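Next come the chains, spelled out residue by residue.
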Amino acid sequence: MPTTTLASTNVELNDEGFFVHPEQWNEEMAPELARQEGIDELTEGHWKVIRFMRDEFLAKGAGPSVRMLAKTSGISIKELYQLFPKGPAKIAAKIAGIPKPRGCI
Amino acid sequence: MADTIEKVSIVISKGSLDGVYPGLIMANGARAEGIEANLFFTFFGLDVVHKARHEHIKIATVGNPGLHFATMLGGLPGVSTVMTHYMNTKMEKLDIPPIPEFIEMIADTGAGIYACKASVDLFALEKNDLIDQVQDIITVGEFYTLAAGGEIIFT
């Protein structure tokens, strides 16, 4: 598995680029992870989603898929896709250092 | 890096519950993966984007061996309605949205929603009969132009 350096710390990522050990993540790593996904600057809107995904993962053991993310966070599907055009749940999970959500809806 | 899919165009040609959901789930799932997606509704699939009909899409209880009950039974009045209700309740528990809400959600993900011109003409419909999420009524040739460079999935 590839190891990479983020915010001067070595972290382990899986083949798809998701954190293998979510506890290795911290917020300082997020801007660099976001740039790798084509998001040049993390706005307050992005952060709201990233922190929400992280909190859901820590509370429930898994991050939500897009529909559940919209329902529970109150952020609309439209807005989520404006923030993360390449897939809100997937990309936000990657930036939040948590595993890829596994939902079909 | 492994091969990736960048774009899919999904044709929905059936008007039954079981004929409609797989295509919708595939389109929504494509967008969730960051894949560009178009939906093209043709023939009875047009019911999915028909204002008066999209709330009344039923499961086929006749000629549907997957249900595992007698065709004679499936043809009785009300059986399709009851089975549809049963299926909808089960799907609601799994948080799969009802068709009208699902199509709205898919439109919100940025997927393209199109109706087939030949089918619209065949059923004597107008743009006004279709839900607002339908971006355009297009010909098969225009569909291929839209689908260019991506995968086409027929359901």
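If you're wondering where the values come from, they're calculated on a predicted model, not measured in any experiment.

Parameters at a glance
- Residues numbered from 1 in each chain as written.
- Chains lettered and ligands numbered in written order.
- Predicted model: local features only at pLDDT ≥ 70, side-chain atom pairs only at ≥ 80, totals over all residues.
- Heavy atoms only, no water.
- Patch = residues over 30% accessible without salt bridge, like charges linked within 9 Å, V, L, I, M, F, W, Y side chains within 5 Å.
- Areas by Shrake-Rupley, 256 points an atom, 1.4 Å probe, with all protein chains shown as cover.
- Salt bridge = Lys/Arg side-chain N within 4 Å of Asp/Glu carboxyl O.
- Buried < 20%, exposed > 50% of the residue type's maximum accessible area, 1.4 Å probe, protein only.
- Contact = heavy atoms within 4.5 Å.
- Buried area = accessible area lost by both parts, 1.4 Å probe.
- Polar contact = N/O pair within 3.5 Å; in protein donor to acceptor, adjacent residues only side chain to side chain.
- Helix = DSSP H or I, 4+ residues; strand = E, 2+ residues; numbered from the N terminus.
- Nonpolar A, V, L, I, M, F, W, Y, C, P; charged D, E, K, R; others polar.
- Expected span 1.5 Å × (residues − 1).
- Pairing = 2+ DSSP bridges.
- Axes fitted to C-alpha atoms, helices over the stretch in contact; angles between N-to-C directions.

We now examine a nonpolar patch on the surface. The grouping of B:Phe43, B:Phe44 and B:Leu122 at the surface amounts to a nonpolar patch, some 300 Å² of accessible area in total. Judged by its relative accessible area of 45%, B:Phe44 is partly exposed.

Chain B puts 15 residues into the contact, and the matching count from chain A is 14 residues. Summing the contributions of chain B and of chain A, the shared interface buries around 1300 Å²; its carbon and sulfur component is 51%. Taken as a group, B:Glu33, B:Asp95 and B:Asp108 account for 38% of the area that chain B buries against chain A, more than any other trio of residues on that side. Where chain B packs against chain A, one counts six salt bridges. Seen at the junction of chain B and chain A, the total is seven residue pairs in polar contact (both at pLDDT 80 or more). Contributing elements (two or more residues each) for the side of chain B that touches chain A: α1 (17-32) and α4 (99-108) of chain B. Across the side of chain B that touches chain A, the residue classes tally to six nonpolar, three polar and six charged.

What follows is about unusual backbone geometry. Residues and elements named next belong to chain B. The backbone phi angle of Phe43 is positive, close to 45 degrees, even though this residue is not glycine. Within the secondary structure, Phe43 sits in the loop between β2 (36-41) and α2 (71-74). Since its relative accessible area comes to 39%, Phe43 is described here as partly exposed. The backbone phi angle of Ala124 is positive, close to 55 degrees, even though this residue is not glycine. The topology assignment puts Ala124 in the loop between α5 (117-122) and β4 (136-138). Its relative accessible area of 66% is what places Ala124 among the exposed residues.

The next point concerns α1(B). Residues and elements named next belong to chain B. Taking 1.5 Å as the rise per residue, α1 with 16 residues should run 22 Å; its terminal C-alpha atoms sit 22 Å apart, in good agreement. For α1, the complete set of buried residues consists of Leu17, Gly19, Val20, Tyr21, Gly23, Leu24, Ala27, Asn28, Ala30, Arg31 and Ala32. Gly34 lies just past α1 and shows a positive phi near 80 degrees.

Let's shift gears to the pattern of salt bridges. Considering all chains together, one arrives at 13 salt bridges over all chains under this definition. What emerges from the salt-bridge pattern is a single network uniting A:Glu16, A:Lys90, A:Lys100 and B:Glu33.

All names here are of chain B. Strands sit in the order β4-β3-β2-β1-β5 across an open sheet of five strands; the sheet is parallel. Two strands bound the open sheet, and with one partner strand each, they are β4 and β5 (151-154). Geometrically, the sheet is characterised by an average inter-axis angle of 25 degrees between neighbouring strands, direction not taken into account. In the sheet, β2 pairs with strand β3 (residues 112-116) via four bridges, with the strands oriented parallel. Note on β3: the bridge partner recorded for Asn38 is Gly112. This element, helix α6 (residues 140-147), spans β1 (7-12), β2, β3, β4 and β5 of the sheet and lies at about 150 degrees to β1.

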